[in-house]
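Okay, here's what each chain looks like letter by letter:
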Amino acid sequence: VAPRYTLRAKEECGTLPVSEAVRPLEEAARIIRKKRHRRIGLETAHLTVDLFRKIKRLLAEISVKSLKDHLDRVRMLKDEGEIRRIEKAIEIHTRALEETLAWLTPDVTEREWAVEFEYRARRGGADRLSFETIVASGPRSAAPHALADPVPLAEGAPVVFDHGVVWGGYCSDETVTFFTGEPSRRFRSLFQV
């Protein structure tokens, strides 16, 4: 790891050895070549194209393959500890949502709602958010992945709230639709569809 990550890596890796290097990628390539590995697998889902090309260049004589499909299959199965961490993430986000809903007032903006949820989730034990919180009201509620704007919640309108937290390396994710005021009969029928 790069020197700035040494302490954290030692905390997270338990008994695994941690090596510090000014150029960690080059050092990893040197170790791989020294051990005479003929092939390696990478989790390519989160690599940039540039980084993948650099790895291929550094390890030109070694077969470099993506493990994405294999890892996706392995990750489908959860052990008891993983299930407990997912449940804890859900518990934290549910409590933060309940607290945020109790805090809401009619003059709140979408962005204030998102920020308040994050504050309560972090205070409640979340390591971070699973993704940027979406709060979109009125016509904006129909836009997938609309970011929370500094605009007041639309009156008498739907509000889509998409939120999640990370705890212990595992995510929660929930999308809920609320309504400011009493939904019309037409809206209820559309919502049911």
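Residues numbered from 1 in each chain as written. Predicted model: local features only at pLDDT ≥ 70, side-chain atom pairs only at ≥ 80, totals over all residues. Heavy atoms only, no water.

### Focus: the overall build of the protein chain
Line of reasoning, step 1. Scanning the protein chain from N- to C-terminus turns up 7 helices and 8 strands.
Line of reasoning, step 2. Its C-alpha atoms give the protein chain a radius of gyration of 23 Å, more than 25% over the compact-globule value 16 Å for 193 residues.
Line of reasoning, step 3. Dimensions of the protein chain, computed from C-alpha atoms along their principal axes, come out at roughly 70 × 35 × 30 Å.
Line of reasoning, step 4. Here the protein chain holds 193 residues, and 30% of them are scored as buried.
Line of reasoning, step 5. Here the contacts in the protein chain between residues at least 6 apart in sequence split such that 54% fall between residues at least 24 apart.
Line of reasoning, step 6. When the accessible surface of the protein chain is totalled, it reaches about 13500 Å², and 54% of it is carbon and sulfur. (Helix = DSSP H or I, 4+ residues; strand = E, 2+ residues; numbered from the N terminus. Rg over C-alpha atoms; globule rule 2.2 N^0.38 Å. Buried < 20%, exposed > 50% of the residue type's maximum accessible area, 1.4 Å probe, protein only. Contact = heavy atoms within 4.5 Å. Areas by Shrake-Rupley, 256 points an atom, 1.4 Å probe, with all protein chains shown as cover.)

### As for the packing of helix α5 (residues 80-103) against helix α6 (residues 110-123)
Line of reasoning, step 1. It is at 8 Å that the axes of α5 and α6 come closest, and there the two elements cross at 135°. Here α5 lies oblique to α6, going by the angle between them. As for the relative orientation of α5 and α6, their crossing is right-handed in sense. Of α6, the residues touching α5 (which contributes I92, H93, A96, L97, E99, T100, L101 and W103) are E112, W113, E116, F117, R120, A121 and R123.
Line of reasoning, step 2. Split by residue class, the contact of α5 with α6 holds 8 nonpolar, 2 polar and 5 charged. (Axes fitted to C-alpha atoms, helices over the stretch in contact; angles between N-to-C directions. Parallel < 35°, antiparallel > 145°, perpendicular 65-115°, else oblique. Left-handed = near helix turned anticlockwise from the far one by under 90°. Nonpolar A, V, L, I, M, F, W, Y, C, P; charged D, E, K, R; others polar.)

### So, the sheet that holds strand β3 (residues 128-129)
Line of reasoning, step 1. As summarised here, the arrangement of the 3 strands in space is β3-β6-β7, forming an open sheet in which the pairing is antiparallel. Edge positions in the sheet fall to β3 and β7 (170-171), since each of these pairs with one other strand and no more.
Line of reasoning, step 2. Taken together, the 2 bridges between β3 and strand β6 (residues 165-167) define a ladder with antiparallel strand orientation. Note that in β6 the partner of L129 across the bridge is V165.
Line of reasoning, step 3. Where α5 meets the sheet, it contacts β6 and β7, and its direction lies at approximately 135° from that of β6. (Pairing = 2+ DSSP bridges.)

### Focus: the packing of aromatic side chains
Line of reasoning, step 1. Going through the model one piece at a time under the given rule, you end up with 5 aromatic pairs.
Line of reasoning, step 2. Ring centres of W113 and F178 lie 5.8 Å apart, and the angle between their planes is 45°; on these two criteria the pair is classed as tilted. With a gap of 65 residues between them, W113 in helix α6 and F178 in strand β8 (residues 174-179) connect regions that are remote in the sequence.
Line of reasoning, step 3. Relative accessible area serves as the criterion here: at 2%, W113 is assigned to the buried category.
Line of reasoning, step 4. Judged by relative accessible area, F178 falls into the partly exposed class, the value being 22%.
Line of reasoning, step 5. Members of the aromatic cluster, joined through ring pairs, are W113, F117, F161 and F178.
Line of reasoning, step 6. One cation-aromatic arrangement involves K88 over W167; the distance from NZ or CZ to the ring centre is 5.8 Å. (Phe/Tyr/Trp six-rings, centres within 6.5 Å; stacked < 30°, edge-to-face > 60°. Lys NZ or Arg CZ within 6 Å of the ring centre and 35° of its normal.)

### Considering the layout of surface pockets
Line of reasoning, step 1. Put simply, the largest pocket is a space of about 280 Å³.
Line of reasoning, step 2. Around the largest pocket, the lining residues are V1, S19, A21, P24, L25, E27, A28, I31, I32, H37 and I40.
Line of reasoning, step 3. Tallying contributions element by element places helix α2 (residues 24-34) first for the lining of the largest pocket, with 6 residues. (1 Å grid on protein atoms, 1.4 Å probe; cavity = no way out; pocket = protein on both sides within 12 Å on 5 of 7 lines; lining within 4 Å. Points joined across faces, edges and corners; volume = space filled by probe spheres on them.)

### What about the pattern of salt bridges?
Close approach of charged atoms allows side chains with opposite charge to pair.
Line of reasoning, step 1. This structure, assessed with the given rule, holds 14 salt bridges.
Line of reasoning, step 2. Residue R75 pairs with E43 through a salt bridge whose shortest N-O separation is 2.8 Å. Of this pair, R75 sits in helix α4 (residues 68-76) while E43 sits in the loop between β1 (39-42) and α3 (49-58), and the two are 32 residues apart along the sequence.
Line of reasoning, step 3. For E99, the salt bridge identified is with R123, shortest N-O distance 3.3 Å. Of the two residues, E99 sits in helix α5 while R123 sits in helix α6, which places them 24 residues apart along the sequence.
Line of reasoning, step 4. What you see here is one network of salt bridges that share partners, running through E99, E116, R120 and R123. (Salt bridge = Lys/Arg side-chain N within 4 Å of Asp/Glu carboxyl O.)

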